[in-house]
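Coordinate analysis (summary)
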Amino acid sequence: QVQLVESGGGLVQAGGSLRLSCAASGRTFSSIPMGWFRQAPGKEREFVARISWSGGITDYGDSVKGRFTISRDNAKNTVYLQMNSLKPEDTAVYYCAASPRGWDSGYDYWGQGTQVTVSS
């Protein structure tokens with residue numbers, strides 16, 4: 001089992017920045033690839049970013065490339081999402097997820113989500 005708790009969401013103006021955190025507990029965090037997803041009202045869940053267990057490999061959705069950065073601190077059992085140059089279309093509930101079965105094996109554990117609202 002992996003428990004995930006997101007934090008850091010809030011209201012920000014367009015062009016601003018936020019940093020989301022996801023604290024993990026349970027299974028060995030340092031061996032698990034992690035990801036961030038988001039879901040806006042009336043839309044399907046969208047992939048945002050993912051990171052390998054070591055942090056050496058990252059991957060981003062096209063809509064956030066160059067603006068968002070995923071990172072992790074295995075000593076703190078935490079994964080981060082630094083969001084810069086935010087746009088109103090980034091407004092969504094952001095979820096972190098854990099992929100204990102491997103990099104391309106799907107996400108088995110999800111947090112409760114944190115709301116990000118970007119005003120124009």
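Residues numbered from 1 in each chain as written. Predicted model: local features only at pLDDT ≥ 70, side-chain atom pairs only at ≥ 80, totals over all residues. Heavy atoms only, no water.

So, about the pairing of strand 11 (residues 114-119). Every second residue of strand 11 is oriented toward a common face, the buried set being Thr114, Val116 and Val118 and the non-buried set Gln115, Thr117 and Ser119. In the sheet, strand 2 (residues 10-13) pairs with strand 11 via four bridges, with the strands oriented parallel. Paired with Gly10 across the bridge in strand 11 is Val116. Where strand 9 (residues 92-98) and strand 11 come together, three bridges link them in antiparallel fashion. Its bridge partner lying in strand 11, Tyr94 is registered against Thr114. (Buried < 20%, exposed > 50% of the residue type's maximum accessible area, 1.4 Å probe, protein only. Helix = DSSP H or I, 4+ residues; strand = E, 2+ residues; numbered from the N terminus. Pairing = 2+ DSSP bridges.)

Glancing now at the nonpolar core. Membership of the largest hydrophobic core comes to 30 residues, with the highest contact counts inside it found for Leu4, Met34, Trp36, Leu81, Met83 and Tyr94. Listed by contribution, the elements that provide at least two residues to this core are strand 1 (2-7), strand 3 (18-26), strand 4 (34-39), strand 5 (46-51), strand 7 (68-73), strand 8 (78-83), strand 9 and strand 11. The contact partners of Leu81, leaving out residues within four places of it in the chain, are Leu18, Arg19, Leu20, Trp36, Val48, Ala49, Phe68, Thr69, Ile70 and Tyr94. (Core = buried A, V, L, I, M, F, W, Y, C linked by side-chain atoms within 4.5 Å. Contact = heavy atoms within 4.5 Å.)

For Arg50, the position within the fold is in strand 5. A distance of 3.0 Å separates a polar atom in the side chain of Arg50 from the backbone oxygen of Trp103. Setting aside anything within four residues of it in sequence, one finds Arg50 in contact with Met34, Gly35, Ile57, Thr58, Asp59, Ile70, Trp103, Asp104 and Tyr107. (Polar contact = N/O pair within 3.5 Å; in protein donor to acceptor, adjacent residues only side chain to side chain.)

Take the sheet that holds strand 8 next. Read from one edge to the other, the open sheet built from four strands follows the order 1-3-8-7, with strand pairing classed as antiparallel. Edge strands, defined here as strands with exactly one partner in the open sheet, are strand 1 and strand 7. The average undirected angle you get between the axes of adjacent strands in this sheet is 20°. Here strand 1 pairs with strand 3 via six bridges, running antiparallel. Across the sheet, the residue bridging to Glu6 is Cys22, located in strand 3. (Axes fitted to C-alpha atoms, helices over the stretch in contact; angles between N-to-C directions.)

With that settled, consider the pattern of salt bridges. Taken as a whole and assessed by the stated rule, the structure comprises seven salt bridges. For the salt bridge of Asp59 with Arg50, the shortest nitrogen-to-oxygen distance reads 3.1 Å. Taking relative accessible area as the criterion, Arg50 reaches 15% and is therefore assigned buried. Salt-bridge contacts for Asp108 lead to Arg101; the nearest nitrogen and oxygen are separated by 2.8 Å. (Salt bridge = Lys/Arg side-chain N within 4 Å of Asp/Glu carboxyl O.)

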